[in-house]
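If you want the building blocks of each chain, they are given just below.
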Amino acid sequence: MSTNSVPTTGQLPVIVIGAGPVGLAAAAHLVERGIEPLVLEAGPSAGTAVRDWTHVRLFSPWAEVTDPAAEKLLAPTGWVRPDGATYPTGGDWAVQYLQPLADALGDKVRYGTTVTGVARAGRDRIVDADRDEQPFTVHIELADGGEERISARVVIDASGTWFIPSPMGADGLPALGEKSAAGRVSYRVPDLRDPAVRARYAGKRTAVIGSGASAFTALAYLADLAKDEPGTHAAWVLRRGIGANTFGGGEADQLPARGALGLRAKAAVEAGHASAVTGFRTHAVERDGDQLVLVAEDGRRLDPVDEVIVLTGFRPDLSFLSEVRLGLDERLQAPTALAPLIDPNMHSCGTVYPHGVNELSHPEKDIYLVGMKSYGRAPTFLAMTGYEQVRSITAALAGDREAAERVELTLPETGVCGGAGLYDDPDAAQGGEGGGCCAAPATLQIGLSAPASSGGC
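Fair warning: this is a prediction, and the values are worked out from it, not measured in the lab.

J.: Just checking my understanding: could you explain the sheet that holds strand E9 (residues 205–209) for this structure?
T.: Sheets are built from strands that pair by backbone hydrogen bonding, the pairs being arranged parallel or antiparallel. Strand order in the open sheet made by the 5 strands is E8-E14-E9-E10-E11, with parallel pairing throughout. Taken across any chain shown, the strands that pair with only one partner, and hence form the sheet edges, are strand E8 (185–186) and strand E11 (274–277).

Spelled out as structure tokens, the structure:
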């Protein structure tokens with residue numbers, strides 16, 4: 001057999017899972033370093049998750065949501081970054097930046113490929129022998145149901161957390177009856193510009209569960225609807241009480257859009273469009289005719305509601321990584337060395353120290369979780385931080401350890417992102433003049449009328 005029939009590990013591509021903002025940035029940095037990437041995207045186009053919230057306007061400007069290496073890759077195509085001081089919607093971001101970047105990468109991006117497993121070739125997670133010398137084997141399922149295995153020298157997982165919203169149950173598991181009530185339960189802030197969605201909530205009583213920016217958004221959004229549709233009311237369900245930081249930093253927030261969002265939620269309550277229910281930890285969802293009744297762990301029952309919007313955060317999908325050895329914090333499901341830096345009990349977006357390859361390494365050599373997924377259940381992620389992560393990792397893969405360990409990002413102080421251990425919403429955050437966003441962007445929307453700043457990375 002020819003000695004060249006099987007590629008060496010060094011000849012194999014670096015596989016990037018996910019063609020979102022951080023995944024595509026990783027690919028751009030790899031290309032810049034002369035390393036071959038292969039981006040695997042489950043959806044039919046770049047930014048599949050971002051396209052779920054095309055109507056939402058980010059509160060981070062263009063200058064803070066594009067990656068420098070990506071811009072270099074785009075420059076020869078004639079791409080011109082939009083005005084850096086303006087704020088894109090999710091649709092703008094996907095169409096004007098993410099898709100052109102994926103197009104510039106060409107056949108380095110494969111669509112319709114869902115990663116179903118990652119392992120060391122010929123080694124399950126138990127086997128030690130020659131483990132680090134084996135390439136990774138990435139199992140994928142194609143859109144037509146076919147299956148493939150792809151060998152890789154390194155795996156960078158930038159698949160995010162958007163597709164696994166947390167349930168309404170206060171113990172982190174679905175409440176009793178939550179699944180059977182699925183037709184009346186949503187895990188996203190609704191787009192009330194859609195006539196069908198608007199009709200779903202108009203004149204109805206809706207429970208909004210959560211205490212972060214997504215919940216603020218839903219309250220403000222429903223308050224706008226209530227002004228036009230009598231009978232529209234929100235019951236805001238909080239697992240804790242109302243305190244000084246319940247509505248965020250307000251006018252003191254260094255990110256004005258986020259501060260404004262909290263103030264709008266406060267105004268919704270003060271105007272009577274929403275009523276707050278505090279210390280309510282949902283245990284069950286019961287039917288009352290055509291309506292739903294939420295039941296707390298202490299037995300309290302809410303007045304019947306027509307709809308429930310659950311905004312209790314997101315969590316990473318670790319199922320396809322079961323055969324690799326990850327070092328994850330037992331609470332946040334983030335890399336062990338990173339977890340203390342991002343713990344929402346202690347940190348806001350701006351107090352998270354920029355980090356890179358050292359904090360993102362695992363017991364399994366050459367596999368990295370980046371972007372929102374690296375933060376596990378923590379809500380303090382900034383897009384700028386994700387770009388710094390992949391810059392550091394790719395520098396390390398290229399053997400440039402000095403660049404890998406050099407911090408090239410200074411984060412602004414961005415105010416309070418969350419609360420104590422009962423933190424309810426990993427989508428928190430808004431960037432204005434201060435930069436970036438926290439966590440999953442797609443659920444943040446302030447109101448119906450432009451300019452609606454809503455969150456995003």
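Picking up after the structure, the text goes on.
J.: What should I look at first to understand the sheet that holds strand E2 (residues 37–40) in this one?
T.: If you walk across this open sheet you meet the 5 strands as E3-E2-E1-E7-E15, and the pairing is parallel. The open sheet has two edge strands, strand E3 (109–110) and strand E15 (367–369), and neither has a second partner. Sheet topology places strand E1 (residues 14–17) next to strand E7 (residues 154–157); 4 bridges connect them, and they run parallel. Bridged to Ile15 within E7 is Val155.

J.: What is the right way to look at the nonpolar core in this model?
T.: Most often, soluble globular proteins keep nonpolar side chains buried together rather than apart. Ranked by size, the top nonpolar core spans 57 residues in total, and within it Leu24, Trp93, Tyr97, Ile156 and Tyr368 carry the most contacts. Once residues lying within four places of it in the same chain are set aside, the contact partners of Tyr97 are Trp62, Val65, Thr66, Asp67, Ala70, Leu74, Trp79, Asp92 and Tyr387.

J.: Mind showing me how you'd approach the pairing of strand E10 (residues 233–237) here?
T.: When a strand is regular, its side chains alternate between the sheet's two faces. Along E10, 5 of the 5 residues are buried, which leaves the element largely enclosed by surrounding structure. Of the two faces of E10, the one carrying His233, Ala235 and Val237 and the one carrying Ala234 and Trp236 are both buried. Across 5 bridges, the pairing between E9 and E10 is parallel. Across the sheet, residue Ile209 finds its bridge partner in E10, namely Val237. Since E9 and E10 lie parallel, the crossover through helix H5 (residues 213–228) that links them has a hand, and here it is right-handed. With 4 bridges joining them, E10 and E11 adopt parallel strand pairing. For Ala234, the partnering residue across the bridge sits in E11 and is Ala274.

J.: How should H5 be read in this particular structure?
T.: The α-helix advances 3.6 residues per turn, and as a result positions three or four apart in sequence lie on the same side. Its 16 residues give H5 an end-to-end C-alpha distance of 23 Å, which sits within 8% of 22 Å, the value for a rise of 1.5 Å per residue. Of all 16 residues that make up H5, 14 are buried, and the element is covered over most of its length.

J.: Honestly, the packing of aromatic side chains in this entry has me stumped. Any pointers?
T.: Any aromatic ring pair is given by two values, namely how distant the centres are and how the planes are angled relative to each other. Applying the stated criterion across every chain, the model contains 5 aromatic pairs. Considering the side-chain rings of Phe216 and Trp236, the 6.2 Å spacing of their centres and the 75° angle between planes classify their relative orientation as edge-to-face. With a gap of 20 residues between them, Phe216 in helix H5 and Trp236 in strand E10 connect regions that are remote in the sequence. Assigned by exposure class, Phe216 and Trp236 land together as buried. With 5.2 Å between their ring centres and 80° between their planes, Tyr375 and Phe381 make a pair best called edge-to-face. Comparing Tyr375 with Phe381, the two get one shared label, buried. One residue, Arg120, lies across the ring of Phe136, its end atom 4.0 Å from the ring centre. If you follow Arg188 out to its NZ or CZ, it ends over the ring of Trp162, 3.7 Å from the centre.

J.: Looking at this structure, I do not really get the pattern of salt bridges. What am I missing?
T.: In a structure, side chains of opposite charge can pair up when their charged atoms sit close to one another. Considering all chains together, one arrives at 21 salt bridges under this definition. With a shortest N-O distance of 3.6 Å, Asp228 and Arg198 are connected by a salt bridge. Placement of Asp228 in helix H5 and of Arg198 in helix H4 (residues 195–201) is noted, with a sequence separation of 30 residues between them. Overall, the relative accessible area of 23% leaves Arg198 in the partly exposed class. The residue Lys365 makes a salt bridge to Asp366 at a minimum N-O spacing of 3.0 Å. Taken together, the salt bridges that share partners define one network made up of Glu388, Arg391, Glu402, Arg406 and Glu408.

J.: Got a minute to help me understand the environment of Ala403 in this structure?
T.: Inspection of the secondary structure puts Ala403 in helix H10 (residues 401–405). Taking relative accessible area as the criterion, Ala403 reaches 3% and is therefore assigned buried. As for Ala403 and Ser392, which are separated by 11 residues in sequence, their C-alpha atoms are 6.8 Å apart. Once residues lying within four places of it in the same chain are set aside, the contact partners of Ala403 are Arg33, Arg391 and Ala395.

J.: Before we go on, may I ask you to explain the environment of Lys365 in this structure?
T.: Residue placement: Lys365 occurs in the loop between helix H8 (357–360) and E15. Classification of Lys365 as partly exposed rests on a relative accessible area of 42%. The spatial distance from the C-alpha of Lys365 to the C-alpha of Leu326 is 9.4 Å, given a sequence separation of 39 residues. With residues up to four places along the chain from it excluded, the contact list for Lys365 reads Arg120, Asp132 and Phe136. In terms of polar contacts, Lys365 uses its side chain to reach the side chain of Asp366, at 3.0 Å.

Here is what the cut-offs are and how they apply
Per chain, residue numbering runs from 1 following the sequence as it is written. Local features in a predicted model are, by the rule used here, given only for residues with pLDDT of at least 70; side-chain atom pairs are given and counted only at 80 or more, and totals for whole chains, interfaces and linings are based on all residues. In computing side-chain values, all of the structure's heavy atoms are included and hydrogens and water are not. Strand pairing is assigned whenever DSSP identifies at least 2 bridges connecting the two strands. Only DSSP runs of H or I with at least four residues qualify as helices, and only runs of E with at least two residues qualify as strands; both kinds are numbered from the N terminus onward. Here, nonpolar core refers to any group of buried Ala, Val, Leu, Ile, Met, Phe, Trp, Tyr and Cys residues whose side-chain atoms link them within 4.5 Å. Relative accessibility thresholds used throughout: buried, under 20% of the residue-type maximum; exposed, over 50%; partly exposed, between the two (1.4 Å probe, protein chains only). Between two residues, a contact is recorded if the distance between any of their heavy atoms is within 4.5 Å. Orient the strands so they point away from the viewer; a crossover is then right-handed if the path from the first strand over the helix to the second runs clockwise. Helix span, expected: 1.5 Å multiplied by one less than the number of residues in the helix. Any two of the Phe, Tyr and Trp rings considered here, Trp counted by its six-membered ring, make a pair once their centres fall within 6.5 Å; the pair's planes then place it as stacked at under 30 degrees, edge-to-face at over 60, or tilted in between. Any Lys NZ or Arg CZ found within 6 Å of a ring centre and within 35 degrees of that ring's normal is scored as a charge over the ring. Each reported salt bridge corresponds to a side-chain nitrogen of Lys or Arg within 4 Å of a carboxyl oxygen of Asp or Glu. Side-chain atoms alone can form a polar contact between residues adjacent in sequence; in general such a contact is a pair of N or O atoms within 3.5 Å, and within protein one must be able to donate a hydrogen while the other accepts it.

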